Amino acid sequence: MYTVEEIANLLEGKVVGDKLKKVISLSSFIEATESDITFASEKKFISKINQTKAKVVIISEENNKELTLKEDKILILTKTDVRKLLPKLLKFFKKETKSLDELIEKDSKIGKNVKIAPNSYIGHNTTIGESTIIYPNVTILEGVKIGKNVIIYPNVTIREFCEIGDNVILQPGAVIGSDGFGYATVGEKHIKIEQIGKVIIEENVEIGANASIDRGAIGDTIIKKGTKIDNLVHIGHNDKIGENCLIVAQVGISGSVEIGNNVILAGQVGVAGHLKIGDNVIVAAKSGITKEIKSNLRVSGFPVQDHKKDLKTKIAMTKLPEMLKRIKKLEKEVEDLK
Amino acid sequence: MYTVEEIANLLEGKVVGDKLKKVISLSSFIEATESDITFASEKKFISKINQTKAKVVIISEENNKELTLKEDKILILTKTDVRKLLPKLLKFFKKETKSLDELIEKDSKIGKNVKIAPNSYIGHNTTIGESTIIYPNVTILEGVKIGKNVIIYPNVTIREFCEIGDNVILQPGAVIGSDGFGYATVGEKHIKIEQIGKVIIEENVEIGANASIDRGAIGDTIIKKGTKIDNLVHIGHNDKIGENCLIVAQVGISGSVEIGNNVILAGQVGVAGHLKIGDNVIVAAKSGITKEIKSNLRVSGFPVQDHKKDLKTKIAMTKLPEMLKRIKKLEKEVEDLK
Amino acid sequence: MYTVEEIANLLEGKVVGDKLKKVISLSSFIEATESDITFASEKKFISKINQTKAKVVIISEENNKELTLKEDKILILTKTDVRKLLPKLLKFFKKETKSLDELIEKDSKIGKNVKIAPNSYIGHNTTIGESTIIYPNVTILEGVKIGKNVIIYPNVTIREFCEIGDNVILQPGAVIGSDGFGYATVGEKHIKIEQIGKVIIEENVEIGANASIDRGAIGDTIIKKGTKIDNLVHIGHNDKIGENCLIVAQVGISGSVEIGNNVILAGQVGVAGHLKIGDNVIVAAKSGITKEIKSNLRVSGFPVQDHKKDLKTKIAMTKLPEMLKRIKKLEKEVEDLK
């Protein structure tokens, strides 16, 4: 727990309100609760500053002009652009972890009938549910919670504090909780923004070989129950993937994407960041999604469009050289007719 | 070995023929031998039911109308659609494996001059051929057979019962024998179909870093001799890749694809499921293959076409905005001429 | 160190010049120093044979017709095409490595405050800088040099002789120094060309989960300081990636590509081999780069073009079926007007 003043000092900012108010953790504007501190760097958040549940909000001094605040809000006003302070802020809130001493750390809680193969590392304060099977060369870092009947194949990594539901299957080489690709660019340098969120994988999910699921920057990456993710898929930080989705091999999903239930993304599809995809959407292979997709649509292509229209577009594409010739011929004929 | 009756009881089906006939294993319609049991769920198989070598065939009751069977065929008729029974059926036929006890299990057969680095796990009933080198943090699970002079780099996983030929090289992080992406969707839920096949990698094959080769669902995934597979390639379940192919980085091949000999798939190509690609085919980078490709063709694009035509199509594509303008101009001129 | 004669004998070639001259190592035509031996198989190199700093050059006999050499150059003339001799030549120059004996080899040099978790392998003659953290199930092979304050997450592989700068972060499953995809095709067989270069990763670089960075064939693959590489990215052999680049998830870069500083390649971009990309270039997601890109350009598409033009092209693409109809209508109208 930290006082508002401590954080203000860290960021060389001024406090407007109760300096001694205590906050527990840093959270995103939308997901924050009353005991959290948050920040607003984008205009859309600054104008809605009373809508975050966080009592304490960090904003740049220059954004404090026309704000009318709820009485109980406390502000930290910074001279520097808040975006540029994020590396410092997240580093401050990153949880410290213990040193790694023994193959199976003594403070890990291993359930009944758990099978741990030789050569796997089980970190501090981990919880492994009943009848879970852990194959060789698996690494499970500090604070990870794993449910019952989970199968974790060889060479899987589950990083700090991630949560794995019951009956989950992780194929070999899958990585859960790698850092998201988050940097604050100052001049030409990219300063790392510590990724302090985690990954939550709900029950009955399967993750394919060598797939990678990034942890949230602030807040969590969530894969909801029953979803199946194929080999070599990339899931970016803070993505929320709905229930019973099928995410086929080599799909890449950028950060902060929200996907509904029963969605199918076929192989090698790419999804740009901060988008929403509704329920029951089907996206054909190799499509590139750069805009919101409403529920129940079947789409394909790059740019993405209705699947049937895209099929027609693809057929027409192969006629393009011929079309060029036909246009040239028409131009000549029209010229002659004039 | 199981009696037909046992399996009929499992599926709540009726036997037509000899209930006490014994079957050894479950096999695919096409690959089955006389001692196997198989199933027919698709029309193309049901109509050709006498062509499978399997003596025992499982079909849905409703498909048993106009069949004229060879005398020695035995049927199991199920009330439920056979597709929906697959999870149960494959679970039944999945081989049980032993518990993992020691870093190098005592019943493994290690050939002469084999070098096993510290920290690698060698499973039960494995066979490792002469002069093979196994780097650290490798996991080789039960029943795997590895040839002579094989090099297995760190963090490689070879799952149960897979076979690796002589002189094969597996780059770091490669996964051989992960489960294929196979589910039976019942309502909105995706029920796992156990993948009971294996991967067979013939001699002189090389597999790139963090590539993943899925095991067959029923029957095997096969990579034939001399083929080279680059980093981060995905090979789906039951694929058969011919001899001396070059499969470049990040290619993704869906399940049940058959590829001939001497084929080159350049980087990031995607191949849809259940397709055939002939011998000596060359596919340019980033192409998407959704139909059969005959031997000796050079193709590219998405949709795929003759490579030279695709190059013309790609050039024409960059003229599209201009073409639109020219059409508009023509329309106006023609209007004026009328 | 080897005499020119030894190497000539290996390749069944003749020496023109000092047979007893000693060479230290094999190097590429462009990167060679005076103490190196190199080879020239492509015309562009043969005609510029005096420009390599290497004293000793291997060429095919038939290419020795119209060459006028600097006095101190020594030639090895081979009957066989030099390309086909490469497997033999590189195998000869490949450094032998020691056998792997203990989890932390005794001749490794571990700096102050280095934390090595259980189950990680630290190879012979490695150097690990101060305060570096090595998580479980990491493999660091012979001769690797690692700087200070480096973080190496679980299941990472760093192969022989690679160099990792200060403050580098390697996310789980990343592979540094896998063999490049290099073969000499003789008849239908692909003969492996040993990859004798290494990977040099400069300071402040981050490499994503399950990314793979191939070592150089001859000469090195280099990732310059401050560059950040996302999950599942493929970097080919001999690539030189500039400073402060952002290479987003699932990008694939073929071999021998040179990329400038401050370049952004968005997700799933592919880059063909032997190309140059200038400084400050931005490439949008899923683009395919098959030609040189000059500095300061923003490009996208496949074929790649100016980003704004590509956006217009993509919009026009969705109008293609309609354009076809309009052309048909025009043709009819023009026919009627004739």
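Residues numbered from 1 in each chain as written. Chains lettered and ligands numbered in written order. Predicted model: local features only at pLDDT ≥ 70, side-chain atom pairs only at ≥ 80, totals over all residues. Heavy atoms only, no water.

Caption draft 1: Structural detail: the relation of the copies chain C and chain A. Its rotation angle being 120°, the transformation that places chain C on chain A also includes 0.0 Å of axial translation and leaves an RMSD of 0.1 Å. Interpreted geometrically, this transformation is the action of a three-fold axis. (Least-squares fit on C-alpha atoms with pLDDT ≥ 70 in both.)

Caption draft 2: Broad picture of the sheet that holds strand 26 (residues 228–229) of chain B. Residues and elements named next belong to chain B. Within the open sheet, the eleven strands sit side by side as 9-12-15-18-23-26-29-32-35-37-38. Their pairing is mixed. In this open sheet, the two edge strands, each paired with only one partner strand, are strand 9 (115–116) and strand 38 (305–306). Where strand 32 (residues 264–265) meets strand 35 (residues 282–283), two bridges bridge the pair, whose relative direction is parallel. Bridge assignment links L265 to a residue of strand 35, and that residue is V283. (Pairing = 2+ DSSP bridges. Helix = DSSP H or I, 4+ residues; strand = E, 2+ residues; numbered from the N terminus.)

Caption draft 3: Representation of helix 1 (residues 4–11) of chain C. Residue and element names in this part refer to chain C. Among all positions of helix 1, only V4, I7, A8 and L11 are buried. Looking down the long axis of helix 1, one finds its buried residues gathered within 105° of arc, a one-sided arrangement. Following helix 1 by one or two positions, E12 adopts a phi angle in the positive range, close to 55°. (Buried < 20%, exposed > 50% of the residue type's maximum accessible area, 1.4 Å probe, protein only. Arc of directions from axis to C-beta.)

Caption draft 4: Structural context of the interface of chain A and chain B. Facing 46 residues of chain A, the contacting portion of chain B comprises 60 residues. Taking both sides of the interface into account, the surface hidden between chain A and chain B amounts to around 4,200 Å²; carbon and sulfur atoms contribute 63%. Taken as a group, K286(A), L320(A) and L324(A) account for 12% of the area that chain A buries against chain B, more than any other trio of residues on that side. Viewed at the interface, chain B and chain A are joined by three salt bridges. When the shortest N-O distance is used, the salt bridge between E333(B) and K338(A) registers 3.1 Å. (Contact = heavy atoms within 4.5 Å. Buried area = accessible area lost by both parts, 1.4 Å probe. Salt bridge = Lys/Arg side-chain N within 4 Å of Asp/Glu carboxyl O.)

Caption draft 5: Here's a closer look at the packing of helix 1 (residues 4–11) of chain A against helix 3 (residues 82–93) of chain A. Residues and elements named next belong to chain A. At a closest axis distance of 10 Å, the pairing of helix 1 and helix 3 adopts a crossing angle of 140°. As far as their axial angle goes, helix 3 and helix 1 are oblique. Between helix 1 and helix 3 lies a crossing whose hand is right-handed. Contacts from I7, L10 and L11 of helix 1 reach helix 3 at L85, K88, L89, F92 and F93. Classifying every residue of the contact of helix 1 with helix 3 gives seven nonpolar, no polar and one charged. (Axes fitted to C-alpha atoms, helices over the stretch in contact; angles between N-to-C directions. Parallel < 35°, antiparallel > 145°, perpendicular 65-115°, else oblique. Left-handed = near helix turned anticlockwise from the far one by under 90°. Nonpolar A, V, L, I, M, F, W, Y, C, P; charged D, E, K, R; others polar.)

Caption draft 6: Broad picture of the interface of chain C and chain A. Contact residues are listed per partner, giving 46 residues for chain C and 60 residues for chain A. The junction of chain C with chain A conceals about 4,200 Å² of combined surface from both sides, 63% of it contributed by carbon and sulfur atoms. It is K286(C), L320(C) and L324(C) in chain C that bury the most area against chain A; as a group they hold 12% of the surface buried on that side. Viewed at the interface, chain A and chain C are joined by three salt bridges. In this structure, R326(A) engages E331(C) in a salt bridge whose closest nitrogen and oxygen atoms are separated by 2.8 Å. Joining chain C to chain A, the criterion identifies 29 residue pairs in polar contact (both at pLDDT 80 or more). Broken down by secondary-structure element, the contributors of at least two residues to the side of chain C that touches chain A are strand 26 (228–229), strand 29 (246–247), helix 4 (307–317) and helix 5 (320–337) of chain C. The biggest single contributor to the side of chain C that touches chain A is helix 5 of chain C, with ten residues. Partitioning the side of chain C that touches chain A into residue classes produces 26 nonpolar, twelve polar and eight charged. (Polar contact = N/O pair within 3.5 Å; in protein donor to acceptor, adjacent residues only side chain to side chain.)

Caption draft 7: The arrangement of the environment of G17(A) in detail. One can find G17(A) in the loop between strand 2 (13–16) and strand 3 (22–23). Expressed as a C-alpha distance, the spacing of G17(A) and D72(A), which sit 55 residues apart in the sequence, is 8.1 Å.

Caption draft 8: Region of the structure containing the domain arrangement of chain A. Residues and elements named next belong to chain A. Here chain A is partitioned into domain 1 (2–93) and domain 2 (109–309). Across the contact, twelve residues belong to domain 1 and eleven residues belong to domain 2. Three residues stand out in domain 1 for area buried against domain 2, namely E31, P87 and L90, and they jointly supply 53% of the buried area on that side. Viewed at the interface, domain 2 and domain 1 are joined by one salt bridge. We note a salt bridge from K240 to E31, for which the minimum N-O separation is 3.1 Å. Counting every contact that joins domain 1 to domain 2 gives one residue pair in polar contact (both at pLDDT 80 or more). Counting residues per element, the side of domain 1 that touches domain 2 draws most heavily on helix 3, which supplies seven residues. Partitioning the side of domain 1 that touches domain 2 into residue classes produces six nonpolar, two polar and four charged. (Domains from an automatic or database assignment.)

Caption draft 9: Molecular detail of unusual backbone geometry. With an omega of 10°, the peptide bond running from F302(A) to P303(A) counts as cis. Looking at the element boundaries, P303(A) is found in the loop between strand 37 (298–300) and strand 38 (305–306). Positioned with a positive phi, N262(B) is a non-glycine residue whose angle comes to about 60°. For N262(B), the location among the structural elements is in the loop between strand 31 (258–259) and strand 32. Residue N262(B) is classed as buried on the basis of its relative accessible area of 17%.

Caption draft 10: Summary view of the side chain of N231(A). Positionally, N231(A) belongs in the loop between strand 26 (228–229) and strand 27 (234–235). A distance of 3.2 Å separates the side chain of N231(A) from the side chain of S212(B), its partner in a polar contact. Those residues within four positions of N231(A) in sequence are excluded, and the remaining contacts are G208(A), A209(A), A249(A), Q250(A), S178(B), S212(B), D214(B) and H234(B).

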